[in-house]
Amino acid sequence: MRSSLRFILLLVGIGLPTAAAQDKPIAFTGATIIPIAGSPIENGALVVHQGKITAVGVSSAVSIPAHAQRIDMTGKVIMPGLICTHSHIGGIGGADSSAPIQPDIRIYDSLNVRDSGFKRALAGGLTTLNIMPGSGHLLSGQTVYVKLRQAETIEDIFIRDADGNPLGGMKMANGTNSMSEKPFPETRSKSAALVREQYIKAQEYRDKIARATGDASKMPARDLAMEGLVEVLERKRIVHHHTHRHDDIITVLRLAKEFNFRVVLHHVSEGWKVADEIAKADVPCSVIVVDSPGGKLEASEMTFRTGAVLEKAGVLVAFHTDDWITDSRVFFRSAALAVRAGMTREGALKALTLAGAKMLDLDARIGSLEVGKDADLIILNGDPLSVYSKVLETWVEGKKRFDRGDPKDHLYAVGGYGAGRDQSPYFCCFDHPEGQ
Amino acid sequence: MKRQFESVIVLTLLAIFPGGSIAVAQVAVLGKKVYTMAGPPIENGAVLIREGKIAVVGKADSVTIPDGYRVLRAEVVTPGLIDAHSTVGFSGIYNHPHDQDQLEHSGPLQPELRAIDAYNAREQLVAWVRSFGITTLHTGHAPGELISGQTTIVKTWGDTIDAAVVVDTAAVAATLSPLAQKSDKGKSPGTRGKMMAMLRAEFVKAQEYMKKRDTAEADKKPDRNLGLEVLTRVLNRELPLMVTANRAQDITSTLRLAKEFNIKLILDGAAESYLLLDEIKAAGTPVIIHPSMQRAYGEMENLSFETASKLRQAGIPVALQSGYESYVPKTRVVLFEAALAAANGLTFEQALASITIDAAKILGVDGRVGSLEPDKDGDLSLYDGDPFEYTSHCTGVIINGQVVSETPQ
């Protein structure tokens, strides 16, 4: 009895301020707003209420509710929270070494929501992540799309569909990454053959279910792996495909066409060689930008120009951190280096936000500062592409989740004693012959 | 005939100027801002390079450019940048056994491994870092074994080690970190205590060897031992011992070791060095800080973007490094390391010093590189804006007075 009373008190205690915070609109005034959808707005105002954006525009044109909390952001820059289409934070453990294709793996079954990586991501201005199982497999499992909300359990950060199911894609890979000793393929042809074999099996599984027309006696035995692949075939689950070399990229396009699945090409180190083909297939690219080429054969022709070349070809381009490969706190470096190599500023900023939202099928909810979208935003003290600029605050659904002025948050922003934790990170390739 | 004659000239010049150079032109560089690192920056400055060396540095309006000089212009001019610790030229771009020479795993103590015997001057990553304005590399054996070998200092130009080399043996590289520990049962070193015991034993051996070698009668002199020979040079303070240590207790052990054997120490990595500012300062040890994007777990879990700033404020000499990368990307770029340091507490000029003059001093090559002063090597880097901004470009690289790159990068 006593403990249940305490429980009720706790609920009330937690519930009240939350409700209060949601009730009162917050107006950010005076900032330069980069809405991504549309040109930058000088002396802009942005109003958020109950986790959504309710108004955005030039200050003079935005009517701020009288009871709104006003925050003066003069001299600051506000833009949408960053979206990372490819992250490995959270101490993940996806598919194991038993098989090259494991569509039954759900990455969220392995996530540690208390991982310090989430704090670093917030400090970098990230608000939405596609957390993926690692590579080393042709298909390493189901990914999960998360919002960096305050969380006690992993369920708290899911992004859900209308039925309440967590949203995510499917992680695949080709090239040397997924080639190894048996039962893994040794060659590129075998890699494609194994993938085709499984998708054909999934087509048959799907058809068998359709033919059963609800008759339980005619239904195939439930198969979790097949269920995952059927969601891909039904275009409910987007394939996020690790691929580097030009010919591997073309192979992905071929398989996507054969099985009519939706795909985002990830990394695309040699995407600049086949930009027109990618554009023709109307397939988006999530590009990794790292400090130098190499580290493996198929990344040896990686260049800062990839973003610019793909943009010019008309391909939708996003960037990703691949954290641990790059640190989420310096995600802006990826965009800035792409601009160094000829990408437009607008394209590069979109590639950190709205383009990624589209690749996760979430552009109706996030990726730009527009009325009706989630109030996911960051506040900077200068040009987002300048190395000297800092993310001062990160807001997720109308709540401040990172404040550089708070010493506790500052620790994660710059590192220092206690900022990391004793836990094994996920390494995609260190035990893999290729990565040695 | 004419062509033949030309090739004779080229061959002759190649003989005079090895390193693939055709001829050392006389070059004048005009910069809207020239950071000499030997005084305040010069607005509208000029640098004249003659016969590969810097001849004149001053205000453009007070410097007369002699006839025949090639003139280059830039928004910002800096000394050629120095990467104070790299493995470029050893850890190749493909990351396959055939291009990985940065670490020999067959034994924990191999000071006899010379860097000059492995440096690949034509490695693509040498050109990569050069394209951002890095003209000098301190490179060689990577952290990973207790004593993993020697390091060398090279210019990022020249087709052979002989053409590129500045200092053939610059330091002996040691590792006091879990990186050097063996996990297999029965293999040593397996613990921190054993690492120190083995290192101390090796230096004691080197002391004995040196004593015998220097005092014994000719017929009683010890047989030559390549490893111990090198360690005697460390004991004589001819060569520094560069020790990679990141945890506070490993840094403390490193200082203890250097004190016991009176070793000239360079601390490398030093992730937790901000916890030991007084101790490091008292030991007079310079620090070459790990790259910023090492992963924050294990011994690096407490790394900080502000370490350079904290050490510098404490008066400890600091340089930055690209370090060793085992995967993608295969190297960091020290220009970006300095940029991040400038964004996290160092002033612009302090950050620039950490990849120019301060790095040169720590490596003992400040007589040749690191600042724009007469008689120093003609190594300059040109930029079209603030070099630390990711969106700026390196528009020119000059090494030994030669314009080796003008392609904006």
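What counts and how
Residues numbered from 1 in each chain as written. Chains lettered and ligands numbered in written order. Predicted model: local features only at pLDDT ≥ 70, side-chain atom pairs only at ≥ 80, totals over all residues. Domains from an automatic or database assignment. Contact = placed C-beta atoms within 7 Å. Nonpolar A, V, L, I, M, F, W, Y, C, P; charged D, E, K, R; others polar. Helix = DSSP H or I, 4+ residues; strand = E, 2+ residues; numbered from the N terminus. Pairing = 2+ DSSP bridges. Axes fitted to C-alpha atoms, helices over the stretch in contact; angles between N-to-C directions. Parallel < 35°, antiparallel > 145°, perpendicular 65-115°, else oblique.

**Here's the deal with the domain arrangement of chain B**
Residues and elements named next belong to chain B.
Here is step 1 of the chain: Partitioning chain B into domains gives domain 1 (2-79 + 374-405) and domain 2 (81-363).
Here is step 2 of the chain: When each unit is reduced to the centre of its C-alpha atoms, the spacing between domain 1 and domain 2 is 30 Å.
Here is step 3 of the chain: At the junction of the two partners, domain 1 supplies 18 residues and domain 2 supplies 24 residues.
Here is step 4 of the chain: Here the residues of the side of domain 1 that touches domain 2 are counted per class, giving 10 nonpolar, 7 polar and 1 charged.

**Some words on unusual backbone geometry**
Residue and element names in this part refer to chain A.
Here is step 1 of the chain: For the bond running from Lys-182 to Pro-183, omega is 5 degrees, close enough to zero to count as cis.
Here is step 2 of the chain: Of the consecutive residues Asp-323 and Trp-324, the connecting peptide bond is found in the cis state with omega at 20 degrees.
Here is step 3 of the chain: Phi at His-267 takes a positive value of approximately 80 degrees, unusual for a residue other than glycine.
Here is step 4 of the chain: In this fold, His-267 is placed in strand β12 (residues 263-267).

**Remarks on the sheet that holds strand β3 (residues 53-59) of chain B**
Residue and element names in this part refer to chain B.
Here is step 1 of the chain: Overall, mixed pairing links the 7 strands, which are arranged β3-β2-β1-β4-β13-β14-β15 in an open sheet. Across the chains shown, the open sheet's two edge strands, defined by having one partner strand only, are β3 and β15 (402-405). Across the sheet, the mean angle from the axis of one strand to that of its neighbour is 35 degrees, orientation sign disregarded.
Here is step 2 of the chain: Taken together, the 7 bridges between strand β1 (residues 27-34) and strand β2 (residues 42-50) define a ladder with antiparallel strand orientation. Across the sheet, the residue bridging to Val-34 is Ile-42, located in β2.

**A short note on the domain arrangement of chain A**
Here is step 1 of the chain: Domain boundaries in chain A define domain 1 (2-75) and domain 2 (82-364).
Here is step 2 of the chain: Taking the mean C-alpha position of each, domain 1 of chain A and domain 2 of chain A sit 33 Å from one another.

**Examining the packing of helix α2 (residues 116-123) of chain A against helix α11 (residues 407-414) of chain A**
Residue and element names in this part refer to chain A.
Here is step 1 of the chain: It is the contact of α2 with α11, at a shortest axis distance of 8 Å, that shows an interaxial angle of 90 degrees. By the angle class used here, α2 and α11 are roughly perpendicular. Counting all contacts with α2, which are made through Ser-116, Lys-119, Arg-120 and Ala-123, the residues of α11 involved are Asp-409, Tyr-412 and Ala-413.
Here is step 2 of the chain: A breakdown of the residues in the contact of α2 with α11 according to their chemical character gives 3 nonpolar, 1 polar and 3 charged.

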